[in-house]
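# A structural walkthrough
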Amino acid sequence: MTLASPSLPSLPAGLASLIAGRRRLAVIAALGLGFGCLGLTLLAIGQGAIAIPPGRVAEILWARLTGDAALLEGRDVLVVMNIRLPRVLLGLLVGAGLAVSGALMQGLFRNPLADPGLVGVSAGAGLAAAATIVLGDRFLTGTLMKLPFAVLPFGAFCGGLLSTLALYLIATREGRTSVATMLLAGVALGALAGSLTGLLAFISDDRQLRDLTFWSMGSLGGASWTKLSAIAPIIIPLLLAMPLLARGLNGLMLGEAEAYHLGIPVQRIKAMAILLVALAVGASVAAAGLIGFVGIVVPHLVRLAVGPDHRLLLPLSALGGAILLVGADIVARLVVAPAELPIGIVTAAIGAPFFLWLLLRRSGSLDG
């Protein structure tokens, strides 16, 4: 007599079909965003006063990788390697960092209305960067030293960290985060940071004032290999840390108490999320100025496409944020050519209507 081995319960047909459909959609979205990011990168490198076809751009980049000196001659090589490539890579990093920061904040606050730009984190980072420019420059006046660029990401990180901590402490009571309080506190923190930034602009000289104007509107025009090497070691670890946070953020969707009972280290996840958001936003503000709405538009669209699972949401948001910012930079360079529109204006023109639509869509649940 033989005993039949127990069979595992199978999923309902409808649920299994839904899961399979979500997986197929996630694969399609990942492939589409990946190829879209690659194609847009080649297109962006070729755009400007000197137009370079995408095929020639790919040829130059391939020759650079393989060391083929015969293909690395001419003015277009200098334009690609010294001007366009650092700018596009900076856009990819900043866009990915801002989008993932938005997804992390939305997971931390358990609401898709959270965004580093809307709740004052970017304004706090911008204030610290402005203080570093004005006060640090005055401190070094009369000496032969020049303020190192690496100081700016550190200062902006400190400002972003303090803003994020203040926002979390104000909006959270007994483990529950009020969305209405979060938005109002973010407006207040942003206004306070804006007023202090205005005070710094008032006491700054002409050169410092031009730099502060750069921060307020955002631009990739000052991209260089020096800036890229300063912020890459900050933003890349954030992107590499995404898999470590995904499970914890999925658990936090159920509530902090439920996540704790599931064995998730809630306080550690929250601390890591706050630290990484402050790092990414601080580095982005230091390198490209204040660029808003990337962190709310991209994660929400990805969430609509593939669902709320952070194992998919975080990496796909990184790709989507990179595409959005590089695409916005192309628009900023072409719409008023030969002049250049600040990229923050382009992202605000895209993000503000989207945010209003999102507010109207969720108007009945803002008290949560």
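Residues numbered from 1 in each chain as written. Predicted model: local features only at pLDDT ≥ 70, side-chain atom pairs only at ≥ 80, totals over all residues. Heavy atoms only, no water.

## Brief notes about the overall build of the protein
Worth spelling out the cut-off: Counting from the N terminus, the helices are DSSP H or I runs at least four residues long and the strands are E runs at least two residues long. Relative accessible area decides the class of each residue, using a 1.4 Å probe on protein chains only: under 20% of the type maximum gives buried, over 50% gives exposed, and in between gives partly exposed. Note on definitions: a residue-residue contact is assigned when non-hydrogen atoms from the two residues lie within 4.5 Å. Values of accessible area rely on a 1.4 Å probe in the Shrake-Rupley scheme; residue burial ignores everything except the protein chains shown.
A count of helical and extended segments in the protein gives 14 helices and two strands. Here the protein holds 368 residues, and the buried ones make up 47% of them. Sequence separation of 24 or more characterises 78% of the internal contacts of the protein that already satisfy a separation of 6 or more. As displayed, the protein offers around 17900 Å² of accessible surface, 70% of which is attributable to carbon and sulfur atoms.

## A look at the nonpolar core
One broad trend across soluble globular proteins is that nonpolar side chains are buried collectively. In plain terms, the rule: The set of buried Ala, Val, Leu, Ile, Met, Phe, Trp, Tyr and Cys residues whose side-chain atoms join them within 4.5 Å is what this entry labels a nonpolar core.
Among the nonpolar cores identified, the biggest contains 48 residues, and Leu-104, Met-105, Phe-109, Met-182 and Leu-314 are the most heavily contacted of them. Per element, the largest residue contribution to this core is nine residues, and it comes from helix 11 (residues 266-288). Not counting residues within four places of it along the chain, the set of residues in contact with Leu-314 comprises Val-100, Ala-103, Leu-104, Met-242, Ala-246 and Leu-249. If you look at the next biggest cluster of nonpolar residues, it comprises 30 residues, including Ala-99, Leu-228, Leu-325 and Ala-332.

## Structural notes on the pattern of salt bridges
Stated formally: Whenever Lys or Arg places a side-chain nitrogen within 4 Å of a carboxyl oxygen from Asp or Glu, that contact is recorded as a salt bridge.
For the structure on display, the rule yields six salt bridges. Ionic pairing is found between Glu-59 and Arg-56, a salt bridge with its closest N-O pair at 2.5 Å. With Glu-59 and Arg-56 both in helix 2 (residues 54-66) and three residues apart, the pair spans about one turn of that helix. Among the residues examined, Glu-59 registers a relative accessible area of 34% and is labelled partly exposed. Look at Arg-56 and you get buried, because its relative accessible area is 18%. Between Arg-87 and Asp-329 there is a salt bridge whose closest N-O contact spans 2.8 Å. Of this pair, Arg-87 sits in helix 3 (residues 75-109) while Asp-329 sits in helix 13 (residues 310-334); the two residues are 242 residues apart in sequence, bridging distant segments of the chain. In terms of burial, Arg-87 and Asp-329 fall into one category: buried. What emerges from the salt-bridge pattern is a single network uniting Arg-87, Asp-329, Arg-333 and Glu-340.

## Here we look at the side chain of Ser-101
Its location among the elements puts Ser-101 in helix 3. By relative accessible area, Ser-101 is classed as buried at 0%. Ignoring any residue separated from it by four or fewer positions in sequence, one finds Ser-101 in contact with Pro-116, Leu-238, Val-277, Ala-280 and Val-281.

## Some details on the environment of Gly-159
Its location among the elements puts Gly-159 in helix 5 (residues 151-171). Sequence separation between Gly-159 and Gly-126 is 33 residues; the distance between their C-alpha atoms is 7.5 Å.

## Here's the deal with the packing of helix 3 against helix 13
Rule in force here: Convention adopted: a line fitted to C-alpha atoms gives each axis, helices being fitted over their contacting stretch, and angles between N-to-C directions are expressed from 0 to 180 degrees. An angle counts as roughly parallel when it lies under 35 degrees, as roughly antiparallel when it exceeds 145, as roughly perpendicular when it falls between 65 and 115, and as oblique in every other case. Crossings are sorted by hand: turned counterclockwise from the far helix by less than a right angle, the near helix makes the crossing left-handed, and turned clockwise it makes it right-handed.
Running from N to C, helix 3 and helix 13 cross one another at 135°; their axes reach a closest spacing of 7 Å. Classed by the angle they form, the pair helix 3 and helix 13 counts as oblique. Remark: the crossing between helix 3 and helix 13 carries right-handed chirality.

## What to know about helix 11
Heads up, the rule is: To estimate the expected span of a helix, subtract one from its residue number and multiply by 1.5 Å.
Taking 1.5 Å of rise per residue, the 23 residues of helix 11 would be expected to cover 33 Å, and the 32 Å separating its terminal C-alpha atoms lies within 8% of that figure. Counting buried positions over the 23 residues of helix 11 gives 17, a clear majority of the element. In the segment just after helix 11, Gly-289 is the residue with positive phi, at about 85°.

## Looking at the packing of helix 12 (residues 294-306) against helix 14 (residues 343-361)
One way to put it is that helix 12 packs onto helix 14 with a least axis distance of 9 Å and a crossing angle of 55°. Between helix 12 and helix 14, the crossing angle belongs to the class labelled oblique. Relative to helix 14, helix 12 is oriented so that their crossing is left-handed. Seen from helix 12, the contacting residues are Val-294, Ile-296, Val-297, His-300, Leu-301 and Leu-304; seen from helix 14, they are Thr-347, Gly-351, Phe-354, Phe-355, Trp-357, Leu-358 and Arg-361.

## Side note on empty space enclosed by the protein
The condition is simple: In this analysis the probe radius is 1.4 Å and the grid spacing 1 Å, with only protein atoms considered; a cavity is a set of points the probe fits into but cannot get out of, a pocket is an open set with protein on both sides within 12 Å along at least five of seven lines, and lining residues have an atom within 4 Å of a point. Grid points are joined across faces, edges and corners, and a volume is the space filled by probe spheres set on the points. Charged residues are taken to be Asp, Glu, Lys and Arg, nonpolar residues to be Ala, Val, Leu, Ile, Met, Phe, Trp, Tyr, Cys and Pro, and polar residues to be all remaining types, Gly included.
Overall, the coordinates contain one cavity of 30 Å³ or more when judged by the stated rule. By volume, the largest cavity is sized at about 40 Å³. Lining the largest cavity, in full, are Leu-98, Asp-115, Pro-116, Gly-117, Ser-122, Ile-291, Gly-292, Phe-293, Val-294 and Gly-295. Of the residues assigned to the lining of the largest cavity, the class counts are five nonpolar, four polar and one charged.

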